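Listed below are the residues making up each chain.
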Protein chains: 2
Amino acid sequence: MESADRIGRLGGSLTKAERRVAEVVLEQPQLVAFGTVAELAAAAGAGAATVVRLATKLGFDGFTELQSSVQHDLANQLRPAAQRIREPVGTDLVGRHLQLEQANVQTSLGSIDPAALADAVAHLADAAARVFVLAGDNSRGVAQQFVVDLGALRDDVFVLDGNEIAVRRQIALLRPTDVLVTLDFRRYERWLVGAAVDAARAGVWAVTVTDSLLSPLAAHAQRAFVVAAAGAGPFDSHIGTLAVFNVLVTGVADQLRAVATERLDRLEAVWQHALTDR
Amino acid sequence: MESADRIGRLGGSLTKAERRVAEVVLEQPQLVAFGTVAELAAAAGAGAATVVRLATKLGFDGFTELQSSVQHDLANQLRPAAQRIREPVGTDLVGRHLQLEQANVQTSLGSIDPAALADAVAHLADAAARVFVLAGDNSRGVAQQFVVDLGALRDDVFVLDGNEIAVRRQIALLRPTDVLVTLDFRRYERWLVGAAVDAARAGVWAVTVTDSLLSPLAAHAQRAFVVAAAGAGPFDSHIGTLAVFNVLVTGVADQLRAVATERLDRLEAVWQHALTDR
DNA sequence: TCGGAAACGGAACGCATGTTCCAAAGTGTA
DNA sequence: TACACTTTGGAACATGCGTTCCGTTTCCGA
């Protein structure tokens, strides 16, 4: 996209109002392709003159030329619509991933049991429970991502980190009211199983995200979500896992929003503040 | 397509010149969406008045209304999923996420520029360079996931962690041969920008994964990947980011496999060992 | 061959839109 | 605080466009 390239190139030298217009150009190309200067200006909360100034700043002769560029891009984009689907199948790096990751998301979310989801969300939204996440090295990243998001919604969300000794010591201190989230894939360390067994003995309610219902962790968990983790490269893809986590986080957010919107409002305020900063 | 329907319905009662115009409308919708009455008339070998007559005959108020109809159809056809998602708000939690995350993967991977990908992979596979990943709190998880995977393929992959002071101190020690990977989303901390600027001054080659080409970090990076991060809940979804990271990791793996398969073989051996353990 | 009506396109009209200019508001500096 | 500069949006201007009207051409039946 020619216009997107130019915007990205000299995005830094744009003024505030010009940037607002540029964002609309990037996010709503139809508006500039089909619309008028006045409409684009209104959508960006700017004046018509600002729109024209941005166009010239981007190297176009005026809004008309910018519009032509966007129209050209859109026309090219929709022409092969049916044709382009067939061309890049599987051969290239990106196409391979595209198919694979789509399938991962599809099967991971598609196999979610509503009852299990509701149960897991209820436990994760329980303010009386502390939430601990136990993951192996290979998926510690997505685990931490889950902890960050969930931790923004509620208190007492922790990732069990460190070496085997440290983790098992933490698990020994769990209370029966606590909730444990385990991540289990084929290539994980064996001692995680032992840690999970310890937690189960302590009466901790557990949910596991695994790539197989036959995983040992699933046997010791009250609920299990099976995700697809097929990777195009040498490693597993954790996109399915992250998708499931996102569903859980949204579910908890919905549930907690009804009970206590105050915390989310505070978060929104922070975000809005950070948003306007930029 | 509304216009196509109407043309087909009363196609028999069209005059010769009107039929020529109608054919152009069907075969070159862009011409009527982006063009003018005169251009459409010229393409059909007819007069401007004939174009307007056809439009009214089809039940439209005039050419303008016909044009709006075609534009609306094209716009709907353009948005593959990303924006269409927002209109029919999914009823259930899982279905909403399924649509949304599929769209995130689709647009994130679909907008990858092959040249940028090849360039980024080449830099990330460069054994002489150290790789540093700079991310805000909200996406530290996916960043760490990337570091773990890439770190299994090559040496010297680090995440820049900790508070502002610690990070900027680390950045001050970067060498011009190093590579920096930055993650930039709307809700991020401002000091990340300052850190990225410092790195740019030091001559470090940088690639950024962002949700907008207008992000300040994109301005200071040699390459940028734009991902879709729309979330169904209160937070951004990092699935698109993770998908791009997976592509990068696979690309590096392919490249390094040709040069030195030895390290990957060792990794495979470890994995096989862990596999049989279970 | 003639007459009438339908079809068609060119040209003038009026309006919407892009462009340009300028004054006001904002921002940083001495 | 005052000043210079940048940024911004409103209003006038001019261009291009859609619409409409009307004269010409084509077609068909008598």
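Up top is the structure.
Quick look at the structure, then. Just so we're clear, the structure is a prediction, and the values are computed from it rather than from any experiment.

Here we take up the protein's contact with DNA strand C. Around DNA strand C, 18 residues are found, and the nearest of them are Val37 and Phe63 of chain A together with Thr15, Gly47 and Thr50 of chain B. By atom count, sugar and phosphate contribute 81% of the portion of DNA strand C lying within 4 Å of the protein. At 3.1 Å from a sugar or linking oxygen of DNA strand C is found a side-chain nitrogen or oxygen belonging to Thr64 of chain A. A distance of 3.4 Å separates a phosphate oxygen of DNA strand C from a polar atom in the backbone of Gly45 of chain B.

Judged by nonpolar contacts, the single largest core of 92 residues is most densely connected at Phe225 and Leu248 of chain A together with Phe225 and Leu248 of chain B. Residues in contact with Phe225 of chain B, not counting those within four places in the same chain, are Ile112, Ala116, Leu117, Ala120, Val207, Thr208, Val209, Thr210, Val244 and Leu248 of chain B. Grouped together as the second largest cluster of nonpolar side chains are 48 residues, Val21 and Val37 of chain A together with Ile7 and Val32 of chain B included.

Further remarks concern the protein's contact with DNA strand D. As a structural note, the neighbourhood of DNA strand D is formed by 18 residues, with Thr15, Ala17 and Thr50 of chain A together with Val37 and Phe63 of chain B the closest of them. Backbone atoms, meaning sugar and phosphate, make up 71% of the atoms of DNA strand D lying within 4 Å of the protein. Contacts to DNA strand D include Phe63 of chain B, whose backbone N or O atom sits 2.9 Å from a phosphate oxygen. In this structure, Thr64 of chain B approaches DNA strand D through a side-chain N or O atom, which is 3.1 Å from a sugar or linking oxygen. Listed by contribution, the elements that provide at least two residues to the surface near DNA strand D are α2 (16-27) and α5 (48-57) of chain A together with α5 (48-57) and α6 (63-78) of chain B.

Moving on, we come to the sheet that holds strand β5 (residues 223-226) of chain B. Residue and element names in this part refer to chain B. An order of β2-β1-β3-β4-β5 is seen for the five strands of this open sheet, with the pairing classed as parallel. With partners counted over all chains shown, the strands left at the sheet margins are β2 (157-160) and β5, one partner each. Put simply, the sheet's adjacent strands are angled 20° from each other on average, direction ignored. Alignment of strand β1 (residues 131-134) against strand β3 (residues 179-184), held across four bridges, turns out to be parallel. Opposite Phe132, over in β3, you have Leu180 as the bridge partner. Here helix α8 (residues 114-124) sits on the sheet and contacts β1, β3, β4 (205-210) and β5; the angle it forms with β5, its principal contact strand, is near 120°.

With that out of the way, let us pick up the interface of chain A and chain B. Contacts between chain A and chain B engage 75 residues on the former and 68 residues on the latter. Across the chain A to chain B interface the summed buried area is about 6300 Å²; carbon plus sulfur atoms make up 64%. Among the ionic pairs, Asp254 of chain B bridges to Arg96 of chain A, the shortest N-O distance being 3.9 Å. On inspection of chain A and its partner chain B, the count reaches 18 residue pairs in polar contact (both at pLDDT 80 or more). Mapped onto the side of chain A that touches chain B, the elements with two or more residues apiece are α1 (2-9), α2, α3 (29-34), α6 (63-78), α8 (93-110), α10 (140-153), α14 (239-259) and α15 (262-277) of chain A. Among the elements that make up the side of chain A that touches chain B, the one with the highest residue count is α14 of chain A (11 residues). Each residue belonging to the side of chain A that touches chain B can be placed in one class, and the counts come to 37 nonpolar, 22 polar and 16 charged.

The next subject is the packing of α10 of chain A against helix α9 (residues 140-153) of chain B. Relative to each other, α10 of chain A and α9 of chain B sit at 175°, their axes nearing to 7 Å. If you check the angle between α10 of chain A and α9 of chain B, you find them roughly antiparallel. Residues Arg140, Gly141, Val142, Gln144 and Gln145 of chain A of α10 of chain A form the contact with α9 of chain B, whose own contacting residues are Arg140, Gly141, Val142, Gln144 and Gln145 of chain B. Here the residues of the contact of α10 of chain A with α9 of chain B sort into two nonpolar, six polar and two charged.

Calculation rules
Residues numbered from 1 in each chain as written. Chains lettered and ligands numbered in written order. Predicted model: local features only at pLDDT ≥ 70, side-chain atom pairs only at ≥ 80, totals over all residues. Heavy atoms only, no water. Near = heavy atom within 4 Å. Polar contact = N/O pair within 3.5 Å; in protein donor to acceptor, adjacent residues only side chain to side chain. Core = buried A, V, L, I, M, F, W, Y, C linked by side-chain atoms within 4.5 Å. Buried < 20%, exposed > 50% of the residue type's maximum accessible area, 1.4 Å probe, protein only. Contact = heavy atoms within 4.5 Å. Helix = DSSP H or I, 4+ residues; strand = E, 2+ residues; numbered from the N terminus. Pairing = 2+ DSSP bridges. Axes fitted to C-alpha atoms, helices over the stretch in contact; angles between N-to-C directions. Buried area = accessible area lost by both parts, 1.4 Å probe. Salt bridge = Lys/Arg side-chain N within 4 Å of Asp/Glu carboxyl O. Nonpolar A, V, L, I, M, F, W, Y, C, P; charged D, E, K, R; others polar. Parallel < 35°, antiparallel > 145°, perpendicular 65-115°, else oblique.

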